[in-house]
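Structure at a glance
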Amino acid sequence: MSLPSRISEGTGGFMLDHEQVAIHTGRRSRLPVIVAVHSTALGPAAGGLRVWHYPHWRDGLTDALRLSAAMTSKFAVAGLPSGGGKAVVVLPEGMKVDVGRRRDVLRDVADVIDSLGGAYATGPDVGTGPDDMAVIGETTPYVFCRPVHLGGSGDSSPHTAQGTLAALRAVSRRLYGTASLEGRSLAVVGLGRVGADLARLLAAEGAALTVTDIDPDKRSTADELDAVWRSPDEILAANVDILVPAALGSVLTRQTVAELNCRAVVGPANNQLATPDVADLLHHRDIIWVPDYVASAGGVINAVSTELHHVSADEAHARVRAIEDTVDELLDTAQRRGQTPAQAAGELAMRRLRAASAPVNSPTPSLRLRAAGPGDAENMALLHADSWRRYYRGAYSDAFLDGDAVADRRSVWSSRLSASTRGGATVVAEDDTGLAGFVHVVFDEDSRWGSLVDNLHVAQHRRRTGLGTTLLSHAAQAVVERATGNALYLWVLEKNTAAQEFYRTLGGICVEKAPVSPPGGVPSRLAGSPTKLRFTWPDASLLTQTDARRGAQTTPRNTP
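Next up on the list: empty space enclosed by the protein. For the coordinates displayed, the defined rule picks out three cavities of 30 Å³ or more. The volume enclosed by the largest cavity comes to roughly 40 Å³. Put simply, the parts of the chain that give the lining of the largest cavity at least two residues each are α1 (57-78), α10 (292-295) and α13 (323-337). Broken down by element, the lining of the largest cavity gets its largest block of residues, three residues, from α1.

Here's what the structure looks like:
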């Protein structure tokens, strides 16, 4: 049967606007199969299949509703074109499922998923794994995390660990001014597949580890990593820099938060808060808490990116690494608005969902584009330097990025914006928070490749909202109107695979590789010998149409 989208009775008081909730009795297993599709505003829904024991089928429904809504938030905050869903099979208490009946269960699940016509795809969750996805894949294509030998992405644990490491780096930078975890003390609670993978990554980073698990045999992992072993009852109060929950949920209660001796809590365990108000308690104690659905997103991001979105492995890995940028953005927003990171994440998810649900070509009143002037130099320098710090680590030296970068950019932009603009154009985008992004183009800079997009930067809170596309479109329009020819090009770091994918999506062609020039001509500002790629557009007029095709705001423009 299908239930209406507004559900409350028997679901713990839930009043959630789910698009679709399907509840079937499996024709083979005779067990309740529940698929909850919370939202497809951003794209077809995805989420795990949980096969678990519940006192009543309504408890399984409650889980499906709660978890599918969390998946919507997870994908929205990550900026991915997927919505949230969840599948649950309700096992009666004490039931053991043998191999034959398990296959029946999985085939029943596959039937329900296939009947939704692509609105939902499933992957592993509690009680299921890649081999189960292979069985489901015999009936329906709407599945991910199948075994690698069957063309799937396999075990998601290593990617979940990598995503959590990215979140930890962002928090380390916020607390200590560097993304490096070398010498930092971290307590890892739980050494399952994800926890153990993460602990090994942290050890390789040079972190000082304290670890625990309810399974005493996991002590061998502690010995392997030269980590301090503590009992599960003791570790939450350990005096460390960062606590890393990587096991059971509800580990953060009013009592345990009062006992914490850390500056941040960042981990891959799901449902870490016993109750939502615990996030406020952490905030009042000045302890950073990164929402678990943000820190734990790496596994599902990699899986849906490769198997459902069909992007390259490099782009999928870039999306996982982008969790660091996401956490940076959330912490920036939370600090600026006096919020908890959880509130900032919730608002970010809602903004993206509202934007995706808005009619095509609907206006975005909060975003304004105009020609830059000398008064913009300071804010542009700050955004430019911030962008370098986030994306040019390893290409530019840490000493420069953390030291003279702002002053260098301030000098550059003050000079450019005070001079005549006949040879170029600079467009800034503003929203209610201030500078949201900018683009600068130099007309006819190269006799062969045409005009140069010298800089294009978007503030963290506006990334993955289409603003980069809009700014590039404005630069292209300026070229069409004022340059001698229509050709356009730009340079992008070779290591920045995500940016390369973005430019390729917009029709850019990579034509050559060259060494990166040191900022200000000072060689010591480089780290090693980084390289860059030239991307070209032979006809910039094609980019001027991109804004309208994507439904972005096309405000009247006064090109400088």
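Right, picking up where we left off after that structure.
Counting buried positions along strand β21 (residues 531-537) yields six of seven residues, so the element is predominantly enclosed. Direction of pairing for strand β19 (residues 488-493) relative to β21: antiparallel, over a ladder of six bridges. For L488, the partnering residue across the bridge sits in β21 and is W537. Of the strand pairs in this sheet, strand β20 (residues 509-515) and β21 are connected by six bridges, and their pairing is antiparallel. Within β21, the residue paired with C510 across the bridge is F535.

Tracing the chain through its elements places D328 in helix α13. Sequence-distant contacts of D328, that is, excluding residues within four places in its chain, are made with A170, R173, R174, R390 and Q460.

Attention shifts here to the confidence of the model for the protein. Here the protein averages 88 in pLDDT, while 92% of its residues score no lower than 70. For residues 2-15, every residue scores under 50 in pLDDT, and the model assigns this stretch 28 contacts once sequence neighbours within four places are set aside.

It is worth spelling out the pattern of salt bridges at this point. For the coordinates displayed, the defined rule picks out 33 salt bridges. Note that D63 is salt-bridged to R66, the shortest N-O span being 2.2 Å. Of this pair, D63 and R66 both sit in helix α1, three residues apart, roughly one helical turn. Given the relative accessible area of 10%, D63 is considered buried. Between R173 and E324 there is a salt bridge, with the nearest N and O atoms lying 2.9 Å from each other. Separated by 151 residues along the polypeptide, R173 in helix α4 (residues 157-176) and E324 in helix α13 bring together distant segments of the chain. With respect to burial, R173 and E324 carry one shared label: buried.

To continue, consider unusual backbone geometry. For R30, which is not glycine, the phi dihedral falls at a positive 60°. Checked against the element boundaries, R30 lands in the loop between β4 (20-25) and β5 (32-37). For R30, a relative accessible area of 56% corresponds to the exposed category. A positive phi angle is found at D444, which is not glycine, with a value near 50°.

This next bit is on the sheet that holds strand β9 (residues 185-189). The strands making up a sheet associate through hydrogen bonds between their backbones, and the pairing can be parallel or antiparallel. The strand order across the open sheet built from six strands is β11-β10-β9-β12-β13-β14, with neighbouring strands paired in parallel fashion. Sheet topology places β11 (228-229) and β14 (288-289) at the edges, where each strand pairs with a single neighbour. Bridging between β9 and strand β10 (residues 208-212) involves five bridges; their strand directions are parallel. Across the sheet, L186 pairs through a bridge with L209, a residue of β10.

Rules of the game
Residues numbered from 1 in each chain as written. Predicted model: local features only at pLDDT ≥ 70, side-chain atom pairs only at ≥ 80, totals over all residues. Heavy atoms only, no water. 1 Å grid on protein atoms, 1.4 Å probe; cavity = no way out; pocket = protein on both sides within 12 Å on 5 of 7 lines; lining within 4 Å. Points joined across faces, edges and corners; volume = space filled by probe spheres on them. Helix = DSSP H or I, 4+ residues; strand = E, 2+ residues; numbered from the N terminus. Buried < 20%, exposed > 50% of the residue type's maximum accessible area, 1.4 Å probe, protein only. Pairing = 2+ DSSP bridges. Contact = heavy atoms within 4.5 Å. pLDDT = per-residue confidence, 0-100. Salt bridge = Lys/Arg side-chain N within 4 Å of Asp/Glu carboxyl O.

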